[in-house]
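Architecture at a glance
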Amino acid sequence: MPLFARAPIGATLHPKMAHEFDIILWGATGYTGEVVAEYLAKRPGGEQLRWAIGGRDRGKLEQVRGRLASIAPHLKDLSILVGDSQDPAWLDELASKARVVCTTVGPYAKYGSELVAACARRGTDYCDLAGETYWIRQMIDAHHDEARASGARIVVCCGYDSIPSDLGCLMLQEHMRDQHGGRCEEIRLYAGEAKGGPSGGTIASVLGMVEQMKRSADVRRILADPYALNPEGQRQGPDGPDDMGVRFDAVIDTWTGAFLMAGINTRVVRRTNALLDYPYGSDFRYQERSSFPKGPRGLAMALGGLAGFGLFAVGLSLPPTRKLLQRFVLPKPGQGPTREQREQGYFRVRLIGKGRDRDGVEHTLRGLVEGTNDPGYGETAKMLGESAVWLAANRTADSTGGILTPASAMGMDLVERLRSAGMVFEVS
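Here's what I pulled together on the structure shown here.

How each quantity is defined
- Residues numbered from 1 in each chain as written.
- Predicted model: local features only at pLDDT ≥ 70, side-chain atom pairs only at ≥ 80, totals over all residues.
- Heavy atoms only, no water.
- Helix = DSSP H or I, 4+ residues; strand = E, 2+ residues; numbered from the N terminus.
- Rg over C-alpha atoms; globule rule 2.2 N^0.38 Å.
- Buried < 20%, exposed > 50% of the residue type's maximum accessible area, 1.4 Å probe, protein only.
- Contact = heavy atoms within 4.5 Å.
- Phe/Tyr/Trp six-rings, centres within 6.5 Å; stacked < 30°, edge-to-face > 60°.
- Lys NZ or Arg CZ within 6 Å of the ring centre and 35° of its normal.
- Core = buried A, V, L, I, M, F, W, Y, C linked by side-chain atoms within 4.5 Å.
- Pairing = 2+ DSSP bridges.
- Axes fitted to C-alpha atoms, helices over the stretch in contact; angles between N-to-C directions.
- Right-handed = clockwise from strand over helix to strand, strands pointing away.
- Patch = residues over 30% accessible without salt bridge, like charges linked within 9 Å, V, L, I, M, F, W, Y side chains within 5 Å.
- Areas by Shrake-Rupley, 256 points an atom, 1.4 Å probe, with all protein chains shown as cover.
- Salt bridge = Lys/Arg side-chain N within 4 Å of Asp/Glu carboxyl O.
- Polar contact = N/O pair within 3.5 Å; in protein donor to acceptor, adjacent residues only side chain to side chain.
- Parallel < 35°, antiparallel > 145°, perpendicular 65-115°, else oblique.
- Nonpolar A, V, L, I, M, F, W, Y, C, P; charged D, E, K, R; others polar.
- Left-handed = near helix turned anticlockwise from the far one by under 90°.

**Digging into the overall build of the protein**
- The secondary structure content of the protein amounts to 15 helices and 14 strands.
- Taken over the C-alpha trace, the protein has a radius of gyration of 21 Å; the compact-globule value for 428 residues is 22 Å, and the two agree within 12%.
- Overall size of the protein, expressed as C-alpha extent along the three principal axes, is 55 × 55 × 40 Å.
- Within the span of the protein, comprising 428 residues, buried residues form 54% of the whole.
- Partitioning the intrachain contacts of the protein with sequence separation of at least 6 by distance along the chain shows that 79% fall at a separation of at least 24.

Structure below.
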């Protein structure tokens, strides 16, 4: 049996969930939003999808619609919704129109809270690209119970943060159960094989988190807590703080260092385990690291990466250097990699899982998750787009709501969809 009960693609929709649109893409005029819109326009079977684009600027939305129509002519009449992400009444109306609201409007701590609240009230499914640990914790504390009661599936972190981690772990655990009758007691993920660039929106989210950390000891405490996103009363376990040092890892025979996104990805994986009632075990251990080549060159790269990360963090925390970085180095909101740069990008993460079968024999599994476009945009658009389509197509009377993770909400169904869309998920 799978860890997550899979709903068939095209499952019968809950009779109460008749809406004007299957999906509303909110934030379609932003850099990432337009990349997601293009993915949905090009996606096979798009003619059957009832969707709309939304934002605060009608003129820009009409320009996006024109570009989409050049890709798929049937989108020349694509519906446009104009409103304010800070207006609760308008967002309530927005949520009432869709089976799923798919949002790329960040920083989510600044622009996302009222939309989550509206979807939780209305029982409307939701997916986003949030990587802001403290904000997600706020949404869990404020809206998880309400979303469970209304049936709203509020699925956070549906992009490069944190689908490769979350679904990669689920894939290894399912394989261990199916092939060996056991579970992985420990999984490590190794990142570092990637080519891509940040957008202005991503940088804005990072800057917002830096400001929160400076102002609030509570934010710093939650960001340091390895179980910060677990349900209340279950915020403990065997994992300690994220490993920030440089060391040689004998498991993969390379040098390793800190991975910037471990601070969100590891928390998402641990929340998945808790939401699914601990199929990985209450003693499950999970960590993420960046990998570098072996030998002196790899050590130098790992040390250089650690020093560069430290200098960048200090630069962002000091107003004078932050202003200089924003003016001369960092991309502005709406900017990001070119289409050619996105198409030349890729990512590859490797997972090592260790566990025992029903007879106590130890097994080691090796997993691979790979994408063939810029991870933060080309592949993220694929991950978010497929998440939204899955949610729209798979709503049944017994669907469980709440503030969910990709693996706890969509399980191996989403793995299969992403494989069909060109991503690699494999175990050896």
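From this point, things continue past the structure.
**A short note on the packing of aromatic side chains**
- What the rule picks out here adds up to seven aromatic pairs.
- Ring centres 5.1 Å apart and planes at 70 degrees place the aromatic pair Tyr280 and Phe284 in the edge-to-face group.
- Classification of Phe284 as buried rests on a relative accessible area of 4%.
- Seen in terms of ring centroids, Phe284 and Tyr286 are 6.4 Å apart; in terms of plane orientation they differ by 15 degrees. Their pairing is stacked.
- Through a chain of ring-to-ring contacts, three or more aromatic side chains come together here, namely Tyr280, Phe284 and Tyr286.
- Its end group placed over the ring of Tyr227, Arg270 keeps NZ or CZ at 5.3 Å from the ring centre.

**So, the nonpolar core**
- Ile23, Trp51, Ile136 and Leu167 are the most contacted members of the largest nonpolar core, which has 101 residues in total.
- Examining the composition of this core, we find that nine residues originate from one element, helix α14 (residues 375–393), more than from any other.
- Not counting residues within four places of it along the chain, the set of residues in contact with Leu167 comprises Pro406, Ala407, Gly411, Leu414, Val415, Leu418 and Phe425.
- In terms of nonpolar packing, the next biggest core, distinct from the first, is built from six residues, Ile203, Val210, Leu325 and Leu330 among them.

**Remarks on the sheet that holds strand β8 (residues 247–249)**
- With mixed pairing, seven strands are arranged side by side in an open sheet as β8-β9-β10-β7-β11-β12-β14. Edge positions in the sheet fall to β8 and β14 (424–427), since each of these pairs with one other strand and no more. Recorded for the sheet is a direction-independent mean angle of 30 degrees between the axes of neighbouring strands.
- Packing against the sheet, helix α7 (residues 163–180) makes contact with β7 (183–195), β10 (285–292), β11 (346–356), β12 (362–371) and β14, and its axis sits at approximately 140 degrees to β12.
- Each of β7, β11 and β12 is contacted by α14, which is oriented at about 65 degrees to β11, the strand it contacts most.

**Side note on the pairing of strand β1 (residues 21–26)**
- Taken across its six residues, β1 has six buried, putting it largely inside the fold.
- Note that β1 and strand β4 (residues 98–103) share five bridges and pair parallel. Its bridge partner lying in β4, Ile23 is registered against Val100.
- Inspection of the sheet shows β1 paired to strand β2 (residues 51–55) by four bridges, in the parallel sense. Directly across from Leu25, in β2, lies its bridge partner Ile53.
- Assessed by its sense of winding, the connection that carries the chain from β1 through helix α1 (residues 31–42) to β2 is right-handed.

**What about a nonpolar patch on the surface?**
- On the surface, Met244, Leu260 and Phe309 cluster together into a nonpolar patch covering about 290 Å² of accessible area.
- Position of Met244 relative to the elements: it lies in the loop between α9 (217–224) and β8.
- For Met244, a relative accessible area of 41% puts it in the partly exposed group.

**A few points about the pattern of salt bridges**
- Inspection of every chain in the model, using the stated rule, returns 31 salt bridges.
- When the shortest N-O distance is used, the salt bridge between Asp77 and Lys76 registers 3.0 Å. Of the two residues, Asp77 and Lys76, neither departs from the other in class, the shared state being exposed.
- As a salt-bridge pair, Asp283 and Arg183 come within 2.8 Å of each other at their nearest N and O atoms. Of this pair, Asp283 sits in the loop between α10 (262–275) and β10 while Arg183 sits in strand β7; the two residues are 100 residues apart in sequence, bridging distant segments of the chain.

**Examining unusual backbone geometry**
- In this structure, the amide linkage connecting Gly106 to the following residue, Pro107, adopts the cis form with an omega of 0 degrees.
- As for its position among the elements, Pro107 is in the loop between β4 and α4 (108–111).
- A cis geometry characterises the amide bond from Asp161 onward to Ser162, with omega recorded as 15 degrees.
- Within the secondary structure, Ser162 is located in the loop between β6 (153–155) and α7.

**Section: the side chain of Asp125**
- Structurally, Asp125 is set in strand β5 (residues 125–127).
- Of note is the side chain of Asp125, whose polar atom sits 2.6 Å from the side chain of Arg153.
- Setting aside anything within four residues of it in sequence, one finds Asp125 in contact with Arg99, Val100, Val101, Cys119, Gly151, Ala152, Arg153, Leu391 and Arg395.

**A closer look at the packing of α7 against helix α15 (residues 406–420)**
- For the pair α7 and α15, the least separation of the axes is 9 Å and the interaxial angle reads 90 degrees. Here α7 is positioned roughly perpendicular relative to α15, judged by the angle of their axes. Residues Ile163, Asp166, Leu167, Leu170, Met171 and Glu174 of α7 pack against Pro406, Ala407, Gly411, Met412, Leu414, Val415, Leu418 and Arg419 of α15.
- Class assignment for the residues of the contact of α7 with α15 results in ten nonpolar, one polar and three charged.

**Here we look at the packing of α7 against α10**
- As a packed pair, α7 and α10 sit with axes 8 Å apart at the nearest point and diverge in direction by 40 degrees. On the basis of the axis angle, α7 is oblique to α10. Crossing geometry of α7 relative to α10 is assigned as right-handed. Across the interface between the two elements, Ser165, Asp166 and Cys169 from α7 touch Asn265, Val268, Val269 and Thr272 from α10.
- Each residue belonging to the contact of α7 with α10 can be placed in one class, and the counts come to three nonpolar, three polar and one charged.

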